[in-house]
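Listed below are the residues making up each chain.
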Amino acid sequence: MRIAAVRLQAYRLPLVAAWTSALGGFTAREGWLLRIDSEDGRSGFGDCAPLPGLVGESSAVAGQALERWREQLPAQSLADALAGLQQTPLAAQAPAACAAVECALLDLLAQAAGLSLRGWLARNSASHPAPELTDSVAVNATLGALAHLSDTALAAGISDAITKGYRVFKLKVGVAAATAEASRLRSLAALLPADCRLRLDANGAWDECCAEHFIEACAGMPIDSLEEPLADSADQAAFLATLRRLQDRATFPLAIDESWPRLADAAESFFSAPPVLRLIVKPPRHSGLLPALALARSAAASGMDVVVTSSVDSACGVLAAAQLAAVIDAERRTRGSAALTHGLATSPWLASDTGAAPVLAEGRLFLPAAHGLGFQPLDTFFA
């Protein structure tokens with residue numbers, strides 16, 4: 001099956017409230033919705049929304065890469081296009097753009113095979129036998145930056161999330177003084193039901209001393225994990241050694257997220273003795289679903305937990321990440337471990353979207369039963 005056309009639609013999606021972290025913030029998500037049409041009349045979709053100034057390529061680089069693929073892909077077969085995608089320098093230079101192209105190609109291949117995208121990934125990506133998949137994944141409620149939430153707003157947010165079935169609540173920390181944030185967390189933890197946990201993300205806000213004090217202050221709290229507790233360092237060996245010391249002191253998992261791209265070149269040594277217990281995976285950061293799944297499998301083989309998250313992506317991007325999460329969960333269950341809670345319930349942060357957002361209910365994100373990705377854009381796109 002060959003590619004008939006490639007189309008791009010730029011978008012800007014305002015948020016209902018500013019997204020803030022120790023890395024900065026944004027009030028809208030901007031990017032492109034990609035559509036690849038095959039000769040048999042099917043369409044596959046992918047989402048490209050880099051975060052300028054943060055991890056990944058700039059919007060300019062992403063846009064240039066998408067335009068190049070738009071020109072090069074027509075008339076290629078789907079299989080050849082997919083096989084050649086990761087072989088080009090563009091895959092590393094523009095990972096978010098590459099992920100969008102890959103997603104659209106996989107969407108079409110899964111549709112042609114009569115499979116959901118998660119079913120295609122499980123069957124065609126070297127997992128034998130294919131694990132038993134479910135149609136939903138557990139997700140955490142994403143509340144925002146602790147420092148920017150009043151006690152009243154925080155209590156209301158937690159109460160509303162509990163009512164909606166969430167049991168893991170994510171908060172950004174590292175925005176205010178660590179001692180003050182730890183004190184607020186202790187007060188909050190005392191009010192949580194026994195089956196609830198706090199998932200924290202410092203986005204590299206602290207040096208070792210500050211991170212150590214924060215971790216010690218969290219002792220005894222119901223902490224699910226703490227992402228990126230340590231500030232960036234040019235000395236990779238020292239960075240990893242410090243992370244290992246911090247993990248040894250923590251009674252909960254520490255997690256690597258945006259630090260991964262600069263550690264990827266030393267993946268073999270990293271996974272031979274992981275310094276932390278958890279890896280956060282975002283397909284746009286790793287050039288697509290297939291590289292992200294391969295990375296997740298390497299992490300799992302080393303004994304690490306793997307959680308899939310979204311950077312407040314559009315409905316198309318969240319659906320793609322959730323398809324990946326379903327496969328990771330299924331493979332985890334085959335190893336006798338319970339599925340984890342993923343960070344994919346971010347659609348409520350968007351005031352508008354590219355299409356219908358995935359259904360969220362009882363603390364879970366439900367995936368469509370359709371063949372392929374299961375995404376349909378709004379009528380205003382590609383009109």
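Counting across every chain of the model gives five cavities of 30 Å³ or more. One number sums up the size of the largest cavity: a volume of about 460 Å³. Lining the largest cavity are 32 residues; nearest its centre among them are Leu51, Lys282, Arg285, Ser310 and Ser311. Listing elements by their share of the lining of the largest cavity, those giving two or more residues are β1 (3-21), β2 (24-38), α4 (95-113), β4 (136-145) and β5 (168-172). Tallied by class, the residues present in the lining of the largest cavity amount to 11 nonpolar, 10 polar and 11 charged. In this structure, the second largest cavity spans a volume of roughly 90 Å³. Of all the elements in the fold, those that place two or more residues in the lining of the second largest cavity are α4 and α13 (315-334). Classifying every residue of the lining of the second largest cavity gives eight nonpolar, one polar and one charged.

Quick look at the packing of helix α8 (residues 208-217) against helix α9 (residues 236-249) now. Think of two packed helices as two axes; the pair is described by the angle between the axes and how far apart they sit. The contact between α8 and α9 brings their axes to 10 Å, and the two run at 15°. Between α8 and α9, the crossing angle belongs to the class labelled roughly parallel. When the axes of α8 and α9 are compared, the crossing they make is right-handed. Between α8, through Glu208, Ala211, Glu212, Ile215 and Glu216, and α9, the contact on the second element is made entirely by Thr242, Arg245, Leu246 and Arg249. For the contact of α8 with α9, a count of residues per class yields three nonpolar, one polar and five charged.

This part covers the sheet that holds β2. Here three strands make up an open sheet; going across it, the order is β1-β2-β3 and the pairing antiparallel. In this open sheet, the two strands that pair with only one neighbour each are β1 and β3 (43-48). Within the sheet, the average angular offset between the axes of one strand and its neighbour, ignoring direction, is 20°. One ladder, built from six bridges, connects β2 with β3; its direction is antiparallel. Each residue of the ladder has a partner; that of Leu33, found in β3, is Asp47.

Next up on the list: the packing of aromatic side chains. How two aromatic rings sit relative to each other is set out by the distance from centre to centre and by the angle between their planes. Within this structure, the stated rule accounts for nine aromatic pairs. Between the aromatic rings of Trp206 and Phe214, the centroid separation amounts to 4.5 Å while the plane-to-plane angle is 35°, which identifies the pairing as tilted. Judged by relative accessible area, Phe214 falls into the buried class, the value being 2%. Clustering of aromatic rings is evident, with ring pairs tying together Phe45, Phe375, Phe381 and Phe382. The side chain of Arg29 reaches across the aromatic face of Phe26, ending 5.7 Å from its centre. For the cation-ring pair, Arg35 lies above Phe382, with the distance from its terminal atom to the ring centre recorded as 5.5 Å.

Taking burial as the measure, the five residues of strand β6 (residues 197-201) include four buried ones, the bulk of the element. In the sheet, β5 pairs with β6 via five bridges, with the strands oriented parallel. Its bridge partner lying in β6, Phe169 is registered against Leu198. Once you follow β5 into helix α7 (residues 178-189) and on to β6, the crossover reads as right-handed. Taken together, the four bridges between β6 and strand β7 (residues 223-227) define a ladder with parallel strand orientation. Bridge assignment links Asp201 to a residue of β7, and that residue is Glu227. Read from β6 through α8 to β7, the crossover connection turns out right-handed.

The next thing to look at is the nonpolar core. By size, the foremost hydrophobic cluster in this structure holds 123 residues, and its most contacted members are Ile36, Phe169, Leu171, Leu198, Leu200, Phe214 and Leu226. Those residues in contact with Leu198 that lie beyond four places of it in its chain are Phe169, Leu171, Leu185, Leu188, Ala189, Leu192, Pro222, Ile223, Asp224 and Ser225.

Right, let's talk about the pattern of salt bridges for a bit. Summed over the entire model, instances satisfying the criterion amount to 22 salt bridges. One salt bridge connects Asp201 with Lys170, and the closest N-O pair in it is separated by 3.7 Å. Residue Asp201 is located in strand β6, and its partner Lys170 is located in strand β5; the two are separated by 31 residues in the primary sequence. The exposure classification of Asp201 matches that of Lys170, with both residues buried. Residues joined in a network through salt bridges with shared partners are Arg199, Asp224, Arg278, Asp305 and Arg332.

Cut-offs used in this document
Residues numbered from 1 in each chain as written. Predicted model: local features only at pLDDT ≥ 70, side-chain atom pairs only at ≥ 80, totals over all residues. Heavy atoms only, no water. 1 Å grid on protein atoms, 1.4 Å probe; cavity = no way out; pocket = protein on both sides within 12 Å on 5 of 7 lines; lining within 4 Å. Points joined across faces, edges and corners; volume = space filled by probe spheres on them. Helix = DSSP H or I, 4+ residues; strand = E, 2+ residues; numbered from the N terminus. Nonpolar A, V, L, I, M, F, W, Y, C, P; charged D, E, K, R; others polar. Axes fitted to C-alpha atoms, helices over the stretch in contact; angles between N-to-C directions. Parallel < 35°, antiparallel > 145°, perpendicular 65-115°, else oblique. Left-handed = near helix turned anticlockwise from the far one by under 90°. Contact = heavy atoms within 4.5 Å. Pairing = 2+ DSSP bridges. Phe/Tyr/Trp six-rings, centres within 6.5 Å; stacked < 30°, edge-to-face > 60°. Buried < 20%, exposed > 50% of the residue type's maximum accessible area, 1.4 Å probe, protein only. Lys NZ or Arg CZ within 6 Å of the ring centre and 35° of its normal. Right-handed = clockwise from strand over helix to strand, strands pointing away. Core = buried A, V, L, I, M, F, W, Y, C linked by side-chain atoms within 4.5 Å. Salt bridge = Lys/Arg side-chain N within 4 Å of Asp/Glu carboxyl O.

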